[in-house]
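# Residue-level structure breakdown
Here is what each chain is made of, one letter per residue.
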Amino acid sequence: MNRQDKTIQISKDLINKMFELAGHDMKYEDLIGRQDDWFTQYTMTQDQNKEWRKWGAEYLRKKKRWTKKMAEREMAMVDLHCGLKIKQE
C-alpha cells in the first residue's frame, strides 16, 4: 500500500468512526462525489465530538507514529475541515 492509499484509508476510517459515534447510518463511500455541505446536515453532541477526537488522535498515533501533540493538532484540523455540526444541548 503506497502513501496516498494509506492517507485515503485513514480518512475513511476517521469519517466512518465519526458517523458511527454520532449514531448516523452513513459511510465514507456515501459521501464520495457529493458537492453539498454534508457535514452541516448531520449533528453530534459535544461529548461525541470529544470522544471522536480522542479516538482519532490515538488512531493517528498508531498509524502514523506521531506524537500525541501532532495527532491532536491533526484531529483538530480534520474536525474543522469535515467534522459534523455540534448539537446545542
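Up top is the structure.
Not measured: the values here are computed from a predicted model. (Residues numbered from 1 in each chain as written. Predicted model: local features only at pLDDT ≥ 70, side-chain atom pairs only at ≥ 80, totals over all residues. Heavy atoms only, no water.)

## Some details on the packing of helix α1 (residues 3–22) against helix α4 (residues 46–64)
As a packed pair, α1 and α4 sit with axes 10 Å apart at the nearest point and diverge in direction by 155°. Judged on the interaxial angle alone, α4 and α1 are roughly antiparallel. Two packed elements cross with a definite hand, and for α1 against α4 that hand is right-handed. Contact residues: α1 offers T7, Q9, I10, D13, L14, K17, M18, L21 and A22, while α4 offers Q48, E51, W52, W55, G56, Y59, L60, K63 and K64. Within the contact of α1 with α4, the residues separate by chemical class into nine nonpolar, four polar and five charged. (Axes fitted to C-alpha atoms, helices over the stretch in contact; angles between N-to-C directions. Helix = DSSP H or I, 4+ residues; strand = E, 2+ residues; numbered from the N terminus. Parallel < 35°, antiparallel > 145°, perpendicular 65-115°, else oblique. Left-handed = near helix turned anticlockwise from the far one by under 90°. Contact = heavy atoms within 4.5 Å. Nonpolar A, V, L, I, M, F, W, Y, C, P; charged D, E, K, R; others polar.)

## Considerations on α1
Counted at 1.5 Å a residue, the expected span for α1 with its 20 residues is 28 Å, and the 29 Å between its end C-alpha atoms agrees. The set of residues buried in α1 consists of I10, L14, I15, N16, K17, M18, F19, L21 and A22. The elements touched by buried residues of α1 are α2 (28–31), α3 (38–41), β1 (43–44), α4 and α5 (68–82). Among the residues of α1, the N-terminal cap falls to N2, whose side-chain oxygen and the backbone nitrogen of Q4 are separated by 3.2 Å. One or two positions beyond α1, positive phi appears at G23, with a value near 85°. (Expected span 1.5 Å × (residues − 1). Buried < 20%, exposed > 50% of the residue type's maximum accessible area, 1.4 Å probe, protein only. Polar contact = N/O pair within 3.5 Å; in protein donor to acceptor, adjacent residues only side chain to side chain.)

## Thoughts on the pattern of salt bridges
Opposite charge on two side chains lets them pair, provided their charged atoms get close. Counted according to the given criterion, the structure contains four salt bridges. A salt bridge links E20 to K17; the shortest N-O distance between them is 3.4 Å. Residue E20 and its partner K17 are located together in helix α1, separated by three residues, close to a single helical turn. R53 is the partner of D79 in a salt bridge, and the nearest nitrogen-oxygen pair spans 3.2 Å. In this pair, D79 is assigned in helix α5 and R53 in helix α4, connecting sequence segments 26 residues apart. (Salt bridge = Lys/Arg side-chain N within 4 Å of Asp/Glu carboxyl O.)

## Considering the environment of G33
Assignment of secondary structure puts G33 in the loop between α2 and α3. The class for G33 is exposed, based on a relative accessible area of 65%. Considered as a pair, G33 and I86 are 53 residues apart in the sequence and their alpha carbons are 24 Å apart.

## Concerning the environment of Q88
When you line up the elements, Q88 lands in the segment after β2 (85–86). Expressed as a C-alpha distance, the spacing of Q88 and G56, which sit 32 residues apart in the sequence, is 22 Å.

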